[in-house]
Amino acid sequence: MSTTPERPSAPGPLLDVRDLHVEFHTRDGVAKAVNGVDYTVSAGETLAVLGESGSGKSVTAQAVMGILDTPPGRIAGGEILFKGRDLLTLGEDERRRIRGAEMAMIFQDALSSLNPVLTVGDQLGEMFTVHQGLSRKDARARAVELMDRVRIPAARERVGQYPHQFSGGMRQRIMIAMALSLEPDLIIADEPTTALDVTVQAQVMDLLAELQRELDMGLILITHDLGVVADVADKIAVMYAGRIVETAPVHDIYKAPAHPYTRGLLESIPRLDQKGRELYAIKGLPPNLLAIPPGCAFNPRCPMAQEVCRRDVPPLYTVDEDRRSACHFWEETLHG
Amino acid sequence: MAEAILEVRDLVKHYPLTKGILFRKQIGAVKAVDGVDLDLAAGETLGIVGESGCGKSTLARMLVHLERPTAGAIRYKGEDITRLSGKALKAVRRNIQMVFQDPYTSLNPRMTVGDIVGEPFEIHPEAAPKGSRRSRVQELLDVVGLNPEYVNRYPHQFSGGQRQRIGIARGLALQPEIIVADEPVSALDVSVQAQVVNLLDALQSEFSLSYVFIAHDLSIVRHISDRVGVMYLGRVVEIGKDAEIYDHPTHPYTQALLSAVPVPDPEAREHRERIILTGDVPSPTDIPSGCRFRTRCWKAQERCAQEVPLLAVPAHLTVVPGPVQHPSACHFAEERHVVPGGEEGPTGGAGARGGKAAEDPGTGDGPEGGTGGGGGAAPG
Ligand SMILES: Nc1ncnc2c1ncn2[C@@H]1O[C@H](COP(=O)(O)OP(=O)(O)OP(=O)(O)O)[C@@H](O)[C@H]1O
Ligand SMILES: Nc1ncnc2c1ncn2[C@@H]1O[C@H](COP(=O)(O)OP(=O)(O)OP(=O)(O)O)[C@@H](O)[C@H]1O
Ligand code: SF4
Ligand code: SF4
Ligand SMILES: [Mg+2]
Ligand SMILES: [Mg+2]
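Residues numbered from 1 in each chain as written. Chains lettered and ligands numbered in written order. Predicted model: local features only at pLDDT ≥ 70, side-chain atom pairs only at ≥ 80, totals over all residues. Heavy atoms only, no water.

## Details of the overall build of chain A
Logical step 1: Along its length, chain A carries 13 helices and 12 strands.
Logical step 2: Here chain A has a C-alpha radius of gyration of 21 Å; the compact-globule value for 336 residues is 20 Å, and the two agree.
Logical step 3: A principal-axis box enclosing the C-alpha atoms of chain A has dimensions of 70 × 50 × 45 Å.
Logical step 4: Per-residue burial over chain A gives 54% buried out of 336 residues.
Logical step 5: Put simply, of all contacts in chain A between residues at least 6 apart along the chain, 63% involve residues at least 24 apart.
Logical step 6: Looking at chain A as shown, the accessible area adds up to about 14400 Å², and 50% of this sits on carbon and sulfur atoms.
Logical step 7: Once the 36 positive and 46 negative side-chain charges of chain A are each reduced to a mean point, those two points are 3 Å apart. (Helix = DSSP H or I, 4+ residues; strand = E, 2+ residues; numbered from the N terminus. Rg over C-alpha atoms; globule rule 2.2 N^0.38 Å. Buried < 20%, exposed > 50% of the residue type's maximum accessible area, 1.4 Å probe, protein only. Contact = heavy atoms within 4.5 Å. Areas by Shrake-Rupley, 256 points an atom, 1.4 Å probe, with all protein chains shown as cover. Lys, Arg positive; Asp, Glu negative; His and termini not counted. Charge placed at Lys NZ, Arg CZ, Asp CG, Glu CD.)

Take a look at the structure:
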């Protein structure tokens, strides 16, 4: 499908984020939003990023895309290897070219990410006029093709309409169309269906998964929804206080989590197929990023915390070949 | 069922659509709620689910008298509260309180937590004499698991889950019998959500409250509800005990809704059969004739365009006793198992696994979009 010449032929991952640190300089001090994140995504693979609100999921994605608010944000360390090149060493022109053409992002709120005063056709077409130098007429034809592809009915008639004239589900499909327009190698979808109803969410997720297969793209899916993750992900990275605390293939993690925070998350979801007893609830409050607790950041809320947890930051232990856990007691957690 | 504390009959709310500035002419109406019947028993939790825009919040606002119905009755202990005014209305309103969805915007940022939780006492001074208010507020904070010392703090000093607790404390201030909770946990993280749901559970047993619990998350609703009503375009299309709805749904819309819920179990991926609905919900200003679900229903037939299906136990299902026998507004109601892991019922969903809806979400969009996808394949 794609004509991009520099498709990675070498095995290696498409994206390899290494020890990424991001901080925000605020009036109250330095907020350490991302504190050493490592993750990889290969072509055709779906990585789900989970974690509570404020754990750094979006900030990490923004750093990868190169759309971080700087200032107040600052990348304080690490590497972002995309097809083997460290994006953090590239100039803004080069990054802008990569953005859109080689990697693209889908945001949660389609209405506020689309321009309300431009027609959908103009916004889709712009990708082609700017990046590929197509004429307005050709760009419009490509826009109609894209709308067809994400199954907007009567695309030819509706290409001249404005975003508010579409339903929420259709707007999200248009966002997907825009992200896919240049057939990028990597898509980052930040809560793409959170604002949608279950029936529409199912349509949108199916579409995204199908197009991903067709184009063999890497997909990073940021979400709170453990159901969506179970449905589409190949592997999972769980974040807490700006760190990855566990990463594993999707089947393993649902069967037996190797980190107490992951376990807490999985146990706190109510189930559709049974009437629950009391729900498990992780006690306490999310950490204050201005003053992350010493040792393991999760220790004030962890039912398994010991003296060593308040003292030593747990490294990312190797559980097995494709599985890691940042818990001193990962073995006990896994088998407990 | 125990005695109904609240009975809703043929409740309607139409918002007029007008045109022109000087001479406002009504050109139509948004039929937000369009004939709803419900009963709420004392001490029970009734869950309400349905897609965005189906009228859940409008219904909630009418129940707590924030909005007047266009037609219909809301009877509280036998008395129609839609006709009350003045003192009598004020007395009833005390007993039906609301908890709102958004813990970030529903609390006034310039008021202290103490003022927010104590605000209902300004309107109902008889509920707590002036001198005792502060200690009463502190008691309420304690009940919902907040530190009573926090009375002088402001909302922004709290997390989302804590703010939702503040909203719940305010809802409890007047010791109501009924709490209408409109998406009380939707804005919260899973782990915080669990804390708030457990709190609501505990408060219910402690104060023998009745809840109307509105949410779009079907798993949460099952967890907390004794009975569940499913709404579509301003009407209840199916209602019953939680197991009747989740394990033995008979209305196609309920089946589609349940089948679309992602299940947090990667092993279920391959065995699931999802019903992907075609098209969008029709506009509430232009409701399809007959069955209002017919533009998206894969079972729709000629009769569905002609005759409005009523919310009652379908006649052809009255011969099979058991959980399939519950009200369902469909001419061709029929059991179908859609929740993976849900136990097979005694009636086994006879052959109801055929007729999978068309997977293409593109056809039949909007109200004019014909009679949905899959060609009305009647399951064999
Ligand atoms: N522009 C900014 N200025 C200051 N702090 C910021 C900024 N953007 C993000 N942060 C902080 O960085 C932290 C991580 O935020 P991020 O948006 O990545 O969280 P998240 O995991 O995506 O959460 P959510 O699930 O709520 O979207 C938060 O504490 C946030 O307040
Ligand atoms: N004040 C109003 N004037 C006109 N139309 C209204 C008004 N309030 C609600 N509506 C319309 O009535 C319909 C039902 O709205 P309602 O808020 O009750 O839906 P809901 O089921 O609560 O949806 P959601 O899940 O998105 O909260 C919608 O089409 C809405 O646009
Ligand atoms: S390192 Fe200690 S505190 Fe941290 S998750 Fe493991 S057991 Fe809990
Ligand atoms: S079969 Fe007919 S009556 Fe039943 S839901 Fe479908 S359209 Fe409505
Ligand atoms: Mg985010
Ligand atoms: Mg609502």
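Having seen the structure, we can now continue with the description.
## Points about the confidence of the model for chain B
Residue and element names in this part refer to chain B.
Logical step 1: Summarising the model, chain B shows a mean pLDDT of 84, and 88% of its residues fall at 70 or more.
Logical step 2: pLDDT under 50 marks residues 343-380. Its contacts with residues more than four places away, or in other chains, come to 82 contacts.
Logical step 3: Taken over the whole predicted complex, pTM reads 0.85, whereas the ipTM for its chain interfaces reads 0.79. (pLDDT = per-residue confidence, 0-100.)

## Topic: empty space enclosed by the protein
Logical step 1: Counted according to the given criterion, the structure contains 10 cavities of 30 Å³ or more.
Logical step 2: Put simply, the largest cavity is a space of about 90 Å³.
Logical step 3: The wall of the largest cavity is formed by 13 residues, among which A:Pro260, A:Cys296, A:Cys302, A:Cys309 and A:Cys327 lie closest to the centre.
Logical step 4: A per-class count over the lining of the largest cavity returns 10 nonpolar, three polar and no charged.
Logical step 5: Approximately 80 Å³ is the volume attributed to the second largest cavity.
Logical step 6: The wall of the second largest cavity is formed by B:Arg235, B:Val236, B:Val237, B:Gly290, B:Cys291, B:Arg292, B:Val308, B:Pro309 and B:Ala329.
Logical step 7: Taken together, the residues of the lining of the second largest cavity break down into six nonpolar, one polar and two charged. (1 Å grid on protein atoms, 1.4 Å probe; cavity = no way out; pocket = protein on both sides within 12 Å on 5 of 7 lines; lining within 4 Å. Points joined across faces, edges and corners; volume = space filled by probe spheres on them. Nonpolar A, V, L, I, M, F, W, Y, C, P; charged D, E, K, R; others polar.)

## Details of helix H4 (residues 120-132) of chain A
Residues and elements named next belong to chain A.
Logical step 1: Between its terminal C-alpha atoms H4 stretches 18 Å, which fits the 18 Å expected from 13 residues at 1.5 Å a residue.
Logical step 2: Residues of H4 that are buried: Val120, Gly121, Gln123, Leu124, Gly125, Met127 and Phe128.
Logical step 3: If you follow the buried residues of H4, they end up packed against helix H2 (92-101), helix H5 (136-149) and helix H7 (168-180).
Logical step 4: Taken from the residues just after H4, Gly133 is the one with a positive phi, measuring 65°. (Expected span 1.5 Å × (residues − 1).)

## Comments concerning the packing of H4(A) against H7(A)
Packed helices, taken two at a time, are described by their axes: the angle between them and the distance between them.
All names here are of chain A.
Logical step 1: Where H4 contacts H7, the two axes come as close as 9 Å, and the packing angle between them is 20°. Between H4 and H7, the angle falls in the class roughly parallel. Crossing angle aside, the handedness with which H4 passes H7 is right-handed. Within the contact between the two elements, H4 uses Val120, Gln123, Leu124 and Met127 and H7 uses Ile174, Ala177 and Met178. (Axes fitted to C-alpha atoms, helices over the stretch in contact; angles between N-to-C directions. Parallel < 35°, antiparallel > 145°, perpendicular 65-115°, else oblique. Left-handed = near helix turned anticlockwise from the far one by under 90°.)

## Regarding helix H5 (residues 160-172) of chain B
Logical step 1: A rise of 1.5 Å per residue sets the reference length of H5(B), with its 13 residues, at 18 Å; its end C-alpha atoms lie 19 Å apart and thus fit the reference within 8%.
Logical step 2: Within H5(B), 13 of the 13 residues are buried, which leaves it mostly tucked inside the rest of the structure.

## Some details on the side chain of B:Glu335
Logical step 1: The residue B:Glu335 is located in the segment after helix H10 (302-306) in this model.
Logical step 2: Reaching out from B:Glu335, the side chain makes a polar contact with the side chain of B:His248 at a distance of 2.4 Å. (Polar contact = N/O pair within 3.5 Å; in protein donor to acceptor, adjacent residues only side chain to side chain.)

## Comments concerning the interface of chain A and chain B
Logical step 1: With 50 residues of chain A at the interface, the matching set in chain B holds 49 residues.
Logical step 2: Both sides together, the interface formed by chain A and chain B hides about 4100 Å², and carbon and sulfur atoms give 57% of it.
Logical step 3: One can count two salt bridges joining chain A with chain B.
Logical step 4: A salt bridge links B:Arg274 to A:Asp231; the shortest N-O distance between them is 3.4 Å.
Logical step 5: Here chain A is connected to chain B by eight residue pairs in polar contact (both at pLDDT 80 or more).
Logical step 6: Counting only elements with at least two residues in the side of chain A that touches chain B, the list comes to H7, helix H8 (198-215), helix H9 (226-232) and helix H10 (250-255) of chain A. (Buried area = accessible area lost by both parts, 1.4 Å probe. Salt bridge = Lys/Arg side-chain N within 4 Å of Asp/Glu carboxyl O.)

## Observations concerning the nonpolar core
Logical step 1: Formed by 70 residues in total, the largest nonpolar core has its most connected members in B:Ile168, B:Phe213 and B:Leu218.
Logical step 2: The biggest single contributor to this core is helix H6 (residues 190-207) of chain B, with seven residues.
Logical step 3: The residues contacting B:Phe213, other than those within four sequence positions of it, are B:Thr45, B:Leu46, B:Gly47, B:Ile48, B:Ala181, B:Pro184, B:Val185, B:Leu200, B:Ile220, B:Val221 and B:Ile224.
Logical step 4: Core analysis: the next-biggest nonpolar cluster, separate from the first, contains 41 residues, A:Val120, A:Leu124, A:Met170 and A:Leu215 among them. (Core = buried A, V, L, I, M, F, W, Y, C linked by side-chain atoms within 4.5 Å.)

## Here we look at the sheet that holds strand E7 (residues 178-182) of chain B
All names here are of chain B.
Logical step 1: Here we have six strands laid out as an open sheet, ordered E6-E7-E8-E3-E9-E10, and mixed in their pairing. Lying at the two open borders of the sheet, with one neighbouring strand each, are strand E6 (96-99) and strand E10 (235-241). In this sheet, neighbouring strand axes are inclined to one another by 20° on average, regardless of whether the strands run parallel or antiparallel.
Logical step 2: As paired elements, strand E3 (residues 45-49) and strand E8 (residues 210-214) share four bridges and run parallel to each other. Within the sheet, the bridge partner assigned to Gly47 lies in E8 and is Phe213.
Logical step 3: Contacts from H5 reach E6 and E7 within the one sheet, and its direction differs from that of E6 by about 175°.
Logical step 4: Lying over the sheet, helix H9 (residues 252-260) contacts E3, strand E9 (227-232) and E10, oriented at roughly 100° with respect to E9. (Pairing = 2+ DSSP bridges.)

## Focus: the site of ligand 4
Logical step 1: Taken together, 13 residues are adjacent to ligand 4, and B:Cys291, B:Cys297, B:Cys304, B:Cys330 and B:His331 come closest.
Logical step 2: In terms of residue class, the shell around ligand 4 is built from nine nonpolar, two polar and two charged. (Near = heavy atom within 4 Å.)

## Focus: the pairing of E9(B)
All names here are of chain B.
Logical step 1: Within E9, six of the six residues are buried, which leaves the element mostly enclosed by the surrounding structure.
Logical step 2: Covered by surrounding structure in E9 are Arg227, Gly229 and Met231 together with Val228, Val230 and Tyr232, the residues of both alternating faces.
Logical step 3: Two strands pair when backbone bridges link them, and E3 and E9 are joined in this way by four bridges, in the parallel orientation. When the sheet's bridge partners are listed, Ile48 is paired in E9 with Gly229.
Logical step 4: Note that E9 and E10 share six bridges and pair antiparallel. Along E10, the bridge assignment pairs Arg227 with Lys241.
Logical step 5: Following E9, the chain reverses through two residues before pairing antiparallel with E10; Leu233 in that reversal takes a positive phi of roughly 45°.

## Brief notes about the environment of A:Asp138
Residue and element names in this part refer to chain A.
Logical step 1: Along the chain, Asp138 falls in helix H5.
Logical step 2: For Asp138, a relative accessible area of 41% translates into the label partly exposed.
Logical step 3: In this structure the C-alpha to C-alpha distance between Asp138 and Val228, which are 90 residues apart in sequence, comes to 37 Å.

## Comments concerning the confidence of the model for chain A
Logical step 1: Residues at a pLDDT of 70 or more form 96% of chain A, whose mean pLDDT is 88.
Logical step 2: Counting interchain partners and residues more than four positions distant, the pLDDT-below-50 stretch residues 1-9 of chain A has 13 contacts.

## Digging into the sheet that holds strand E2 (residues 29-41) of chain A
Residues and elements named next belong to chain A.
Logical step 1: In space, the four strands of this open sheet follow the order E2-E1-E4-E5, with antiparallel pairing throughout. The sheet is open, and its two borders are formed by E2 and strand E5 (85-86), each paired with just one other strand.
Logical step 2: In the sheet, strand E1 (residues 15-26) pairs with strand E4 (residues 73-82) via eight bridges, with the strands oriented antiparallel. Bridge pairing links Asp16 to Leu81 in E4.
Logical step 3: Sitting on the sheet, helix H1 (residues 57-65) touches E1, E2 and E4, and the angle it makes with E1 is about 110°.

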